[in-house]
Amino acid sequence: MTTPDTIAAIATPPGMGGVGIVRVSGPQAPAIAAAILGRIPEPRRAVLGVFHESDGTFIDMGLALYFQAPHSFTGEDVLELQGHGGPVVMDLLLRRCLELGARLARPGEFSERAFLNGKLDLVQAEAVADLIESSTSLAARLAGRSLQGVFSQRIAALLERLIQLRLQVEAGLDFPDEELDLAEDTRLAADLHRLVADVEQLLTDAHQGQIIREGLAVVIAGAPNVGKSSLLNALCGTEAAIVTAIPGTTRDLLKFDIQVDGLPIRIIDTAGLRHSQDPVEREGVRRAQAALNDADLVLWVRSVDQEPDASIRSSFPTDCPVILIRNKIDLVGEPARLVERDGEVEIALSAVTGAGLELLRGQIKAHAGLSAHPEGAFIARRRHLEALERARSTLQAAAANLELRLGAELVAEELHLAQRALGEITGEFTSEDLLNRIFSSFCIGK
């Protein structure tokens with residue numbers, strides 16, 4: 001794709017810094033370089049130069065880099081002016097570029113042009129933003145794998161196999177005289193079932209990447225005075241919450257971001273769940289219930305001397321996993337341990353001494369579905385999971401139609417829908433609205 005207009009933006013964060021960069025992309029980039037520097041730099045070589053206003057007034061002195069199309073990030077002519085990173089200097093440079101015919105870039109427009117010009121597929125373009133926004137080193141490594149094409153290559157391999165299946169099925173539609181009996185073709189059925197299994201495996205791997213990207217919302221809940229705030233402090237490694245022997249100390253939600261072996265987690269401490277006439281405490285309980293409804297995992301805390309309260313348990317969402325915590329084992333001399341009861345995990349620990357905390361951290365990772373070596377995964381987004389789920393569903397429908405002998409037309413249509421779903425991930429099939437939603441979330445200058 002070629003675009004008639006040229007875009008420009010400051011590519012470094014706002015504020016003071018040693019270096020600031022103004023990036024220009026489009027057909028007027030060489031002319032802008034000549035006007036500001038007095039020459040067009042040799043492609044792909046950094047040159048030192050003076051940046052001038054239209055009347056020759058000095059703006060700054062710095063490095064200039066020129067990338068000639070198509071050998072650039074966007075696939076267009078690109079100019080980067082690297083000056084001193086003060087906001088006034090950057091603004092002067094940007095205004096000069098705009099005076100020379102560029103327009104201000106939209107958020108993510110450089111990456112969007114890279115996608116439209118075939119320099120990146122949609123997964124790789126999204127990985128650029130994910131790499132910038134990574135909150136943990138593991139998330140950064142996985143975003144790097146997606147940027148390098150690991151996720152895209154697996155999608156491409158599935159698409160190639162799916163296209164081969166479509167060719168077999170549609171051959172029966174195009175050449176009815178051949179009397180191809182798809183239902184009797186055991187190889188076709190076997191290939192289709194293997195494809196379903198591989199899509200399911202990719203969906204599992206993508207789910208790991210999505211959790212590492214977005215993190216896990218873990219809510220600490222239970223009756224008053226069972227040590228919920230002490231557990232929050234122990235997991236955060238700091239005195240984040242006030243701890244007293246008075247029941248109901250915590251009234252509002254306390255939220256803190258931590259990480260467990262690279263897994264980003266938002267820990268939410270809540271008010272003790274009980275009936276109260278105090279309007280402030282009742283509001284705290286209401287907010288606790290709202291947090292529970294949005295939780296990915298609930299830590300149900302109770303003291304070693306308490307039996308589980310069925311009324312508290314009934315307030316948890318039925319589809320949310322729960323880890324039972326028996327706190328304050330230091331008061332009775334009980335060792336830390338993990339047991340499974342009725343399909344649920346219960347951990348005996350002490351938030352005060354730290355005994356059993358490693359067992360809890362391990363279970364949080366297990367509930368997140370992280371494998372022992374998540375570095376083999378890649379970063380993923382919710383839209384990727386939704387597309388993979390649609391692909392799996394339509395492939396399963398195709399397999400069922402084939403088995404029930406419902407006709408090659410139905411099988412072919414389901415395979416076509418599966419191909420579209422997989423193609424949406426990398427951008428082979430997409431819409432302008434989807435592109436606008438994706439790239440508008442990027443920072444300006446990228």
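As a starting point, this report considers the structure included with it.

Conventions adopted
- Note that residues are indexed from 1 along each chain, following the sequence as it is written.
- Only residues with pLDDT of at least 70 get local features here, since the model is predicted, and only at 80 or more are side-chain atom pairs given and counted; chain-wide, interface and lining totals rely on the full set of residues.
- Each side-chain value is worked out from all heavy atoms of the structure, with water and hydrogens disregarded.
- Only DSSP runs of H or I reaching four residues or more are called helices, and only runs of E reaching two or more are called strands; each is numbered from the N terminus.
- Relative accessible area decides the class of each residue, using a 1.4 Å probe on protein chains only: under 20% of the type maximum gives buried, over 50% gives exposed, and in between gives partly exposed.
- Note on definitions: a residue-residue contact is assigned when non-hydrogen atoms from the two residues lie within 4.5 Å.
- His is not counted, nor are the chain ends, whereas Lys and Arg count as positive and Asp and Glu as negative.
- Charged side chains are reduced to one point each, which is NZ for Lys, CZ for Arg, CG for Asp and CD for Glu.
- Strand pairing is defined by DSSP finding a minimum of two bridges between the two strands.
- Note on definitions: angles span 0 to 180 degrees between N-to-C directions of axes, and those axes are lines fitted to C-alpha atoms, for helices only across the stretch in contact.
- In these notes, a set of buried Ala, Val, Leu, Ile, Met, Phe, Trp, Tyr and Cys residues joined through side-chain atoms within 4.5 Å is what counts as a nonpolar core.

### A word on the overall build of the protein
Then, number 1: Across its full length, the protein carries 14 helices and 13 strands.
Then, number 2: Counting only C-alpha atoms and orienting by the principal axes, one finds that the protein spans roughly 80 × 75 × 40 Å.
Then, number 3: Per-residue burial over the protein gives 49% buried out of 446 residues.
Then, number 4: Within the protein, contacts between residues at least 6 apart in sequence are counted, and of these 65% link residues at least 24 apart.
Then, number 5: Across the protein, 43 positive and 62 negative side-chain charges occur, with their mean positions spaced 6 Å apart.

### Re the sheet that holds strand 10 (residues 297–303)
Then, number 1: Spatially, 8-9-7-10-11-13-12 is the arrangement adopted by the seven strands of the open sheet, whose pairing is mixed. The outermost strands of the open sheet, each flanked by one partner alone, are strand 8 (254–260) and strand 12 (337–341). This sheet shows a mean twist of 25° between the axes of neighbouring strands, independent of strand direction.
Then, number 2: Pairing of strand 11 (residues 322–327) with strand 13 (residues 344–348), which is carried by four bridges, proceeds in the parallel orientation. Within strand 13, the residue paired with I323 across the bridge is V345.
Then, number 3: Helix 11 (residues 357–368) rests against strand 7 (216–222), strand 8, strand 9 (263–269), strand 10, strand 11, strand 12 and strand 13 of the sheet, and its axis sits at about 175° to strand 11.

### Digging into the nonpolar core
Then, number 1: Grouped together as the largest cluster of nonpolar side chains are 45 residues, with contacts concentrated most on L231, I265, L299, F316 and L360.
Then, number 2: If you look at the next biggest cluster of nonpolar residues, it comprises 34 residues, including F151, A387, A399 and L422.

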